[in-house]
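# Residue-level structure breakdown
Here is how the chains run, residue by residue.
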Amino acid sequence: MQSQQYQQHRRKFAAAFLAFIFILAAVDTAEAGKKEKPEKKVKKSDCGEWQWSVCVPTSGDCGLGTREGTRTGAECKQTMKTQRCKIPCNWKKQFGAECKYQFQAWGECDLNTALKTRTGSLKRALHNADCQKTVTISKPCGKVTKPKPQAESKKKKKEGKKQEKMLD
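Every value quoted in this text rests on a predicted model; they were computed, and no experiment measured them.

Quick notes on the rules
Residues numbered from 1 in each chain as written. Predicted model: local features only at pLDDT ≥ 70, side-chain atom pairs only at ≥ 80, totals over all residues. Heavy atoms only, no water. Helix = DSSP H or I, 4+ residues; strand = E, 2+ residues; numbered from the N terminus. Contact = heavy atoms within 4.5 Å. Areas by Shrake-Rupley, 256 points an atom, 1.4 Å probe, with all protein chains shown as cover. Buried < 20%, exposed > 50% of the residue type's maximum accessible area, 1.4 Å probe, protein only. Pairing = 2+ DSSP bridges. Core = buried A, V, L, I, M, F, W, Y, C linked by side-chain atoms within 4.5 Å. Patch = residues over 30% accessible without salt bridge, like charges linked within 9 Å, V, L, I, M, F, W, Y side chains within 5 Å. Salt bridge = Lys/Arg side-chain N within 4 Å of Asp/Glu carboxyl O. Axes fitted to C-alpha atoms, helices over the stretch in contact; angles between N-to-C directions. Phe/Tyr/Trp six-rings, centres within 6.5 Å; stacked < 30°, edge-to-face > 60°. Polar contact = N/O pair within 3.5 Å; in protein donor to acceptor, adjacent residues only side chain to side chain. Lys, Arg positive; Asp, Glu negative; His and termini not counted.

## Remarks on the overall build of the protein
Helix and strand content of the protein: two helices and seven strands. Long-range contacts, defined as pairs at least 24 residues apart, comprise 39% of the intrachain contacts of the protein with a sequence gap of at least 6. A total accessible area of about 15600 Å² is found for the protein, and carbon and sulfur atoms account for 53% of it.

As structure tokens, then:
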């Protein structure tokens, strides 16, 4: 009885061992079947950085437009290209269409020049535009009048009408 159990145990061990070897061989052939991918070659280009011109609106002085880019290099496939761009219509164009400034409140009126001024600091420059760090703008002062408080004038009118009615 022991010899039969021993033989069964031995057969089970041999079967497990053969299964293990079979699985190991299958995994090895599967890995061998995979092609090794060559590492991507890093292109070392002698092309320079793109230099972009200012945005030129298609029509008018703001809205959609185009800009041209150029770069240098002996083996560059592309040395010029055109790109779409947009100039916001609410930007102060006198300082460059690609320069956005944050302005302070208007200053007091200068009585000698009849102008009031304010300064703006650079908030954003599009596409490496050449912008001044700070700018100053001025405008005419305009009329300086004291506004009438409307609430008081309406009350006076009503009171005047009431008095007229009482007199009648």
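## Focus on the pairing of strand 5 (residues 99–103)
Burial of the side chains of strand 5 is restricted to one face: Cys99, Tyr101 and Phe103 are buried, whereas none of Lys100 and Gln102 on the reverse face is. Examined bridge by bridge, strand 5 and strand 6 (residues 115–125) share five bridges and lie antiparallel to one another. Counted as the bridge partner of Phe103 is Gly120 from strand 6.

## Quick word on the nonpolar core
Counting residues in each nonpolar core, the largest one holds six residues, listed as Cys99, Tyr101, Phe103, Cys131, Val135 and Ile137. For this core, the secondary structure elements donating two or more residues are strand 5 and strand 7 (134–140). Broken down by element, this core gets its largest block of residues, three residues, from strand 5.

## With respect to a nonpolar patch on the surface
Taken together, the side chains of Phe13, Phe17, Phe20, Ile21 and Leu24 make up a nonpolar region of the molecular surface, amounting to roughly 560 Å² of accessible area. Of note, Ile21 is situated in helix 1 (residues 2–33).

## Here's the deal with the sheet that holds strand 6
Strand order in this open sheet of three strands is 5-6-7, and the pairing throughout is antiparallel. Where the open sheet ends on each side, the last strands, each with one partner, are strand 5 and strand 7. The sheet shows a mean angle of 40 degrees between the axes of neighbouring strands, taken without regard to direction. As judged from the seven bridges shared by strand 6 and strand 7, these two strands associate in the antiparallel manner. Within strand 7, the position partnered with Leu115 by the bridge is Pro140.

## Concerning the environment of Lys77
On the secondary structure map, Lys77 appears in the loop between strand 3 (63–70) and strand 4 (80–87). Along the sequence, Lys77 and Cys47 sit 30 residues apart, while their C-alpha atoms lie 9.0 Å from each other.

## Quick look at the packing of aromatic side chains
According to the stated counting rule, one finds two aromatic pairs in the structure shown. Plain terms: the ring middles of Trp50 and Trp52 are 5.9 Å apart, the flat faces sit at 25 degrees to each other, and that makes the pair stacked. When its relative accessible area of 24% is taken as the criterion, Trp52 is described as partly exposed. For the ring pair Tyr101 and Phe103, a centre distance of 6.3 Å and an interplane angle of 50 degrees mean the geometry is tilted.

## Re the side chain of Arg67
For Arg67, the location among the structural elements is in strand 3. Side-chain polar atoms of Arg67 contact the backbone oxygen of Ser53, separated by 3.0 Å.

## Overview of the side chain of Arg118
Checked against the element boundaries, Arg118 lands in strand 6. Buried and without a salt bridge, Arg118 has Glu108 as its closest oppositely charged side chain, separated by 13 Å. Side-chain polar atoms of Arg118 contact the backbone oxygen of Gln104, separated by 3.4 Å. Excluding residues within four positions of it along the chain, Arg118 makes contact with Phe103, Gln104, Ala105, Trp106, Val135, Thr136 and Ile137.

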